Amino acid sequence: MDADFPELSPNVYRDTWCGQVLGDRVDKAVRVSGWVHRRRDHGGLIFIDLRDRTGVVQLVFNPDEAGGSFELGHRLRSEFVVSVVGRVLTREPETVNPDLPTGQFEIHVTGAEVLAESDTPPFAIEGFNAEVGEEARLRHRYLDLRREPMQRAIELRHRLTTSMRRFLDAEGFLEIETPILTRSTPEGARDFLVPSRQHRGSFYALPQSPQLFKQMLMVSGFERYFQVARCFRDEDLRADRQPDFTQLDIEMSFVDSEDIITLNERLMAHLLGEMGIDVQIPFPRMGYDEAIQRFGSDKPDTRYGFEITDLTEILRGTEFKAFGGVIESGGAVRGINFGRRELSRAQLDGLIDDAKELGAKGLVWAFREGDGWRAPIAKFLSAEELSGLNTAMDAEEGDLMLVAADQPAKVAAILGGLRTRLAERWGLIPEGENQLTWIVDWPMFEFNADEDRWDALHHPFTAPSGEFDPADPGSARAQAYDLVWNGVELGGGSIRINSPELQSQVFTALGISLEEAADRFGFLLEALRYGAPPHGGIAFGVDRFAALLAGVDSIRDVIAFPKTASGGDPLTGAPAPVDDVQMRDVGIALRKPAKPGSA
């Protein structure tokens, strides 16, 4: 914590933060309060490290100075809460602790009071034992949050959201709260449902985003809205997912994509600049199709190369059936040159396992050797094909090439995943470099083969680019844009549909009937009939943004009270059953599990 932390208004517990016991306090009397961080008994003297939000300061209990509090120092234990009065002195040179901002100074205690005792914590607050599992940390989250890394992470998150608010306020935005209890209008994930006691048989839903409300705020004439919004999705969790999460939600009227992108570049430069990261604007832009072709991902990490090369035409007509058959069926053959590498056969077999984990049927590895390949399949390829492959992948002697074949979207995802995995494993990612890239020119829909229908790639309220033909959804492009930071999607948005007729056409293309659209989205369609301005916006994942800034792998490490990977809360025991009276009040009864073998 910085030493310029705001001065305290003195009270009966303290007049100084622990982190403020610096040179300007020498020879002055101070009162500090906090938790016992560490205790050391050196016979005649007792040393206590006292901790509060701002840092740690050393207390010295000397029987000649402690004013009757020396015996109390003997019984202090880890995490006791105490308030002490004493005089600030400069430490002897040989006792200075260079690792602490307050390490040159100490408080010689003249009076002390125990404000609360503590049981022995289930894990150490000082430092952290890697063997302490996440379940134990979350079960005792109030203790885990006392640790310095967690304190800093939550403080960083506060600074981030405060900076967001300052910037947007200066740009004329209004922070407006939207409902938490609303109507179920699924946007791709499952809704959390809340039964209504007063309207039995009906349910509220917790919002997956404020999407429809922020659009109606634009219809209402507020023109510039933002919200640090709580959102909820009932979906499978990962390191960067939680059932309840926070996003920075932004919407603007009378704008096009350029206006939104330009404002948000300035917002990002402001936020990152306040965190000590300098970035240059404008950010590069890349079309969706180009991102998939070059990097196999719609959130490419452009800090390093090793891009995907399309080898399909070189191998069209090849006698190697594993490639030729895929090409004849409309598939693609693509590869990545990972540069000069020396790997054992076991390591190469491990790469095949990696590819299979990513959904590949197999993977071909090869090293350039002269004009040909050293590879198990080299004998099945002609000299002309081998030469063409080397040229296409710009291979030099000893370079490792990994090649896969499948349907275009699948082979892109496989090689894109392999590229990311191996870049991390082999240390190919430059340290200290930051790349922010806009992904633009998105397809409006993707075909869901499992459900035999078209799905919106962003959401169904995204405006198409140019004319829209409901009979040919696959050709439609969207006025959409995502911002990617070092291979992580920070956020995404779009220009919205402001015509009720066009919105109805998009619903039809998605297989939503007029009756269903009227039932689920009638309030939006009605609002659009009353003069909706051109509008659009974007939303950024606050949890993900904070995790990237903090340098942690999981968003759970920047959330005060997160859920586990299974969606549970070890601290409170949620989710938990409720009693019969509560169930009766909302008109719900649980079915008993069916017996094995029953119909």
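This text follows the structure it describes.
Counting restarts for each chain: residues are numbered from 1 in the order of the written sequence. Where local features are concerned, this predicted model is filtered to residues with pLDDT of at least 70; where side-chain atom pairs are given and counted, the filter is 80 or more; whole-chain, interface and lining totals use all residues. In computing side-chain values, all of the structure's heavy atoms are included and hydrogens and water are not.

*Asks:* Honestly, the side chain of Thr-312 in this entry has me stumped. Any pointers?
*Replies:* Assignment of secondary structure puts Thr-312 in helix α8 (residues 312-315). By relative accessible area, Thr-312 is classed as buried at 6%. What counts as a helix is a DSSP run of H or I of at least four residues, what counts as a strand is a run of E of at least two, and both are numbered from the N terminus. Only protein chains enter the area calculation, which uses a 1.4 Å probe; residues under 20% of their type maximum are buried, those over 50% are exposed, and those in between are partly exposed.

*Asks:* I tried to follow helix α12 (residues 408-425) on my own but got confused; where do I start?
*Replies:* Each α-helix turn comprises 3.6 residues. Residues three or four places apart therefore point the same way. Here the expected span of a helix is defined as 1.5 Å times the quantity of residues minus one. With 18 residues, α12 extends 26 Å between its outermost C-alpha atoms, agreeing within 8% with the 26 Å of an ideal straight helix rising 1.5 Å per residue. Where α12 is concerned, the buried positions are Val-411, Ala-412, Ile-414, Leu-415, Gly-416, Leu-418, Arg-419, Leu-422 and Ala-423. A positive phi of about 65° marks Gly-427, the residue just after α12.

*Asks:* Would you explain the packing of aromatic side chains in this entry?
*Replies:* Given two aromatic rings, their pairing is described by the distance between the two centres and the angle made by the two planes. Stacked, tilted and edge-to-face are the three classes assigned to paired rings of Phe, Tyr and Trp, where Trp is represented by its six-membered ring and a pair needs centres within 6.5 Å; plane angles under 30 degrees give stacked, over 60 edge-to-face, the rest tilted. Tallying each qualifying case throughout the model produces 13 aromatic pairs. On the numbers, 5.6 Å between centres and 75° between planes, the contact of Phe-461 with Phe-521 is edge-to-face. Of this pair, Phe-461 sits in the loop between β19 (453-456) and β20 (477-485) while Phe-521 sits in helix α14 (residues 514-528), and the two are 60 residues apart along the sequence. As far as burial versus exposure is concerned, Phe-461 and Phe-521 are alike and both buried. Chaining the aromatic ring pairs together yields one cluster made of Phe-306, Phe-338 and Trp-426.

*Asks:* For this particular structure, what's the right way to read the sheet that holds strand β17 (residues 436-443)?
*Replies:* Two orientations exist for strands paired in a sheet by backbone hydrogen bonds: parallel and antiparallel. On the basis of which strands lie adjacent, the open sheet formed by eight strands has the order β6-β9-β10-β22-β21-β20-β17-β11 and mixed pairing. The sheet is open, and its two borders are formed by β6 (174-175) and β11 (285-287), each paired with just one other strand. Any two strands with at least two DSSP bridges between them are considered paired. Examined bridge by bridge, strand β10 (residues 244-253) and strand β22 (residues 535-541) share seven bridges and lie antiparallel to one another. Note on β22: the bridge partner recorded for Met-252 is Gly-536. Pairs of residues are marked as contacts when any of their non-hydrogen atoms sit within 4.5 Å. Orientation is described by axes fitted as lines to C-alpha atoms, over the contacting stretch for helices, and by angles from 0 to 180 degrees between their N-to-C directions. With respect to the sheet, helix α5 (residues 211-219) is in contact with β9 (224-232), β10 and β22, its orientation differing from that of β10 by roughly 25°.

*Asks:* I keep staring at the sheet that holds strand β15 (residues 372-374) and nothing clicks. Help me out?
*Replies:* Taken together, five strands build an open sheet; the order of strands is β12-β13-β16-β14-β15 and the sheet is antiparallel. Each end of this open sheet is capped by a strand with a single partner; those strands are β12 (308-310) and β15. Between one strand axis and the next, the sheet turns through 40° on average, direction left out of account. In this structure, β12 lies alongside strand β13 (residues 332-340), joined through three bridges in antiparallel fashion.

*Asks:* Any chance you could explain helix α15 (residues 542-550) here in plain terms?
*Replies:* Among all positions of α15, only Val-542, Asp-543, Phe-545, Ala-546, Ala-547 and Leu-549 are buried. Of the surrounding elements, those touching the buried residues of α15 are α4 (148-170), β10, α6 (257-274), β20, β21 (488-495) and β22. Of the residues trailing α15, Gly-551 is marked for its positive phi of about 75°.

*Asks:* Could you clarify how one ought to interpret the environment of Ala-112 in this entry?
*Replies:* Within the secondary structure, Ala-112 is located in strand β5 (residues 105-116). For the pair formed by Ala-112 and Glu-71, sequence separation is 41 residues and the distance between their alpha carbons is 10 Å. Apart from the residues within four sequence positions on either side, Ala-112 is in contact with Phe-61, Ser-69, Leu-72, Ser-83 and Val-84.

*Asks:* Would you mind showing me how to read the environment of Leu-422 here?
*Replies:* Relative to the assigned elements, Leu-422 resides in helix α12. Spatially, the C-alpha atom of Leu-422 lies 8.9 Å from that of Leu-351, the residues being 71 residues apart in sequence. Apart from the residues within four sequence positions on either side, Leu-422 is in contact with Phe-338, Leu-351, Asp-354, Leu-402, Gly-427 and Leu-428.

*Asks:* Even after reading the chapter, I still don't get the nonpolar core, so can you show me in this structure?
*Replies:* If you look at soluble globular proteins, the nonpolar side chains tend to sit buried side by side. Here, the term nonpolar core denotes a set of buried Ala, Val, Leu, Ile, Met, Phe, Trp, Tyr and Cys residues that are joined through side-chain atoms within 4.5 Å. Core analysis: the biggest nonpolar cluster contains 72 residues, and Leu-160, Leu-248, Ile-250, Met-268, Phe-545 and Leu-549 have the highest contact counts within it. At seven residues, the largest contribution of residues to this core is made by α6. What Phe-545 contacts, discounting residues up to four positions off in sequence, is Leu-160, Met-164, Met-268, Leu-271, Leu-272, Trp-485 and Leu-490.

Honestly, that's just the spatial picture; any functional story needs more than this.
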